[in-house]
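# Architecture at a glance
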Amino acid sequence: MKVNEVPQDDVPDYTEGWLKKGNYALDDKGKYVMVPSKGWVVDEMINRMAYDEYKVKEEETRKAVLAGQKSPLAYYMELRQMTPEILGKTAGIAAFRVKRHLRPEIFAKLKPHVLDSYAKALDITRKELKTVPPNNNPT
Amino acid sequence: MTTETLANGKTYIHRTSAHCETGVTSALFRDKGLDISEPMVFGIGSGIFFGHLPFIKQTGLPISTFRSIPGLVFKKAAKRLGVTVFRKRFRSPQKGMDELRRVIRTGQIAAVTTNVYWLSFFPRRYRFNFSGHNFIVLYENENGFRISDPALLEYTTDCSTHDMERARFARGPMEPRGLMYYPISVNPNPDIRKACITGMTDSCNQMLKIPIPLFGVKGMRYVAQKVIKWPEKLGYVEACRQLAHILRLQEEMGTGGAGFRYIFAAFLQEAGELFGSTELNDLSNEMTAIGDIWREFAVVSSRIIKHRKTKSEETFEKAGGLMLICAGREEELFKNLRDVVGKLKS
């Protein structure tokens with residue numbers, strides 16, 4: 001890659017934020033130099049895809065919670081990009097129990113101290129854990 | 001480029017780097033007075049690698065990595081340059097945070113490994129549950145900690161205590177467990193030539209000699225063949241999703257595919273000057289060419305993914321084929337490198 005081939009696609013997070021990625025590229029004399037990049041459309045697209053995938057899953061779960069098919073715990077787990085295994089480890093609760101707690105009828109009977117460990121693991125309050133946002137959160 | 005004054009009055013210079021771990025390592029060594037470039041650290045620490053890890057899943061998909069395990073480059077580079085290091089993981093978050101505070105109060109900068117999801121100073125879209133990002137903690141301030149992230153940020157920034165604790169002690173695949181590291185003392189005149197030779201030999205072995213078909217050049221071939229078969233096996237849309245995942249690991253998550261090939265090429269160039277060897281320089285040019293093919297692979301794959309609904313003119317055969325070309329040329333390159341290294345004198 002030559003210096004002038006380093007992608008400079010003005011991705012907003014790079015130009016407005018202060019993200020910066022360095023690339024090594026060859027200058028006119030064939031020597032490697034460090035060239036900061038302003039983002040690359042390929043990068044940007046892949047990132048957007050992955051992020052959208054999370055968002056879609058999150059939104060589906062939110063609707064399922066409102067429809068009474070899943071417990072709010074499922075929504076917050078998706079929001080934090082966790083799986084029952086990761087959440088279980090973070091909260092100190094066995095993964096099979098976490099999976100049970102994703103069912104609304106079982107979640108409703110949970111004791112406060114269990115809810116507290118989940119709330120702490122998910123970085124929200126116990127009150128927030130009981131419900132999900134009524135509207136889609138676009139960010 | 002920004003500068004910061006540390007707790008003991010020393011000046012720290014923030015420089016952009018191409019990769020988090022090598023950038024951090026180079027900055028840590030420079031802080032101790034050993035001026036060594038990022039590509040040098042990458043080469044000496046044998047950062048170049050390929051591995052397909054079907055047993056570690058991320059969002060339910062296997063990881064293909066283009067570099068060695070996070071933390072290993074620092075460890076290897078330090079050992080080969082005669083640097084004594086402090087490197088510790090913690091069971092208790094409290095102890096881990098206390099130790100970090102104690103160290104930076106003395107003016108010693110320390111690197112930490114973190115989970116990107118919990119770092120709120122990044123734009124929201126870049127925060128994924130990935131444990132393996134490294135940055136340097138400079139000093140404590142009213143907002144928490146002042147940090148320098150050479151790989152992703154242009155300036156130094158603040159990170160709250162809460163973020164820091166969550167990010168360092170996140171659970172899940174590849175848990176950082178509060179990993180914290182810094183050099184205690186460096187050898188001011190290390191035998192760089194010897195370190196380079198060790199690093200290059202080790203890189204060759206990593207790429208050619210691991211007798212498991214998931215690693216090195218063999219791993220590349222394995223993944224390439226899988227890519228070619230995906231559309232039949234998984235259906236077109238799912239195949240695109242999997243390809244996007246590889247691409248994401250290649251280009252975005254600091255596991256760099258093409259980018260790493262360029263860093264390695266930069267290393268070979270620098271080593272070529274050091275040894276006065278034109279052969280190393282030729283290999284550097286070859287590595288650059290391979291990096292360009294990896295980039296082409298990324299572009300072709302991105303076209304496939306972009307037109308996944310209409311089916312584009314680019315095919316999975318072409319993407320997989322490019323990967324096979326990379327595998328073939330890298331195999332050739334590392335074999336040649338092995339021969340060249342054998343002739344070098346430290």
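Residues numbered from 1 in each chain as written. Chains lettered and ligands numbered in written order. Predicted model: local features only at pLDDT ≥ 70, side-chain atom pairs only at ≥ 80, totals over all residues.

Let's shift gears to the environment of Pro 134 of chain A. Residue and element names in this part refer to chain A. Inspection of the secondary structure puts Pro 134 in the segment after α8 (126-130). We classify Pro 134 as exposed; it has 7 C-beta atoms within 10 Å. Considered as a pair, Pro 134 and Ile 93 are 41 residues apart in the sequence and their alpha carbons are 28 Å apart. (Helix = DSSP H or I, 4+ residues; strand = E, 2+ residues; numbered from the N terminus. Buried ≥ 20, exposed ≤ 12 C-beta atoms within 10 Å, placed from the backbone.)

Quick look at the domain arrangement of chain B now. Domain parsing of chain B yields domain 1 (2-35 + 84-185) and domain 2 (192-343). Placing a centre on the C-alpha atoms of domain 1 of chain B and another on those of domain 2 of chain B gives a separation of 29 Å. (Domains from an automatic or database assignment.)

So, about the nonpolar core. Inside soluble globular proteins, nonpolar side chains tend to come together where they are buried. Ranked by size, the top nonpolar core spans 116 residues in total, and within it Ile 136, Val 137, Leu 243, Ile 263, Phe 264 and Met 323 of chain B carry the most contacts. Not counting chain neighbours up to four residues away, the residues in contact with Leu 243 of chain B comprise Val 227, Ser 301, Ile 304, Ile 305 and Ala 319 of chain B. Tyr 76, Met 77, Phe 107 and Tyr 118 of chain A belong to the second largest nonpolar core, which has 20 residues in total. (Core = buried A, V, L, I, M, F, W, Y, C linked by C-beta atoms within 7 Å. Contact = placed C-beta atoms within 7 Å.)

Attention now goes to the pairing of strand β2 (residues 11-14) of chain B. Residue and element names in this part refer to chain B. Residue alternation in β2 divides its side chains into a buried set, Tyr 12 and His 14, and an unburied set, Thr 11 and Ile 13. As judged from the 4 bridges shared by strand β1 (residues 2-5) and β2, these two strands associate in the antiparallel manner. Within the sheet, the bridge partner assigned to Glu 4 lies in β2 and is Tyr 12. A loop of 5 residues connects β1 with β2, the two strands running antiparallel in sequence, and Gly 9 in this loop sits at a positive phi of about 90°. (Pairing = 2+ DSSP bridges.)

On to the packing of helix α10 (residues 278-306) of chain B against helix α11 (residues 316-343) of chain B, then. All names here are of chain B. α11 packs onto α10 with a crossing angle of 165° between their chain directions and a minimal axis gap of 9 Å. With respect to α11, the axis of α10 lies roughly antiparallel. The handedness of the crossing between α10 and α11 comes out as left-handed. Classifying every residue of the contact of α10 with α11 by side-chain character gives 18 nonpolar, 2 polar and 6 charged. (Axes fitted to C-alpha atoms, helices over the stretch in contact; angles between N-to-C directions. Parallel < 35°, antiparallel > 145°, perpendicular 65-115°, else oblique. Left-handed = near helix turned anticlockwise from the far one by under 90°. Nonpolar A, V, L, I, M, F, W, Y, C, P; charged D, E, K, R; others polar.)

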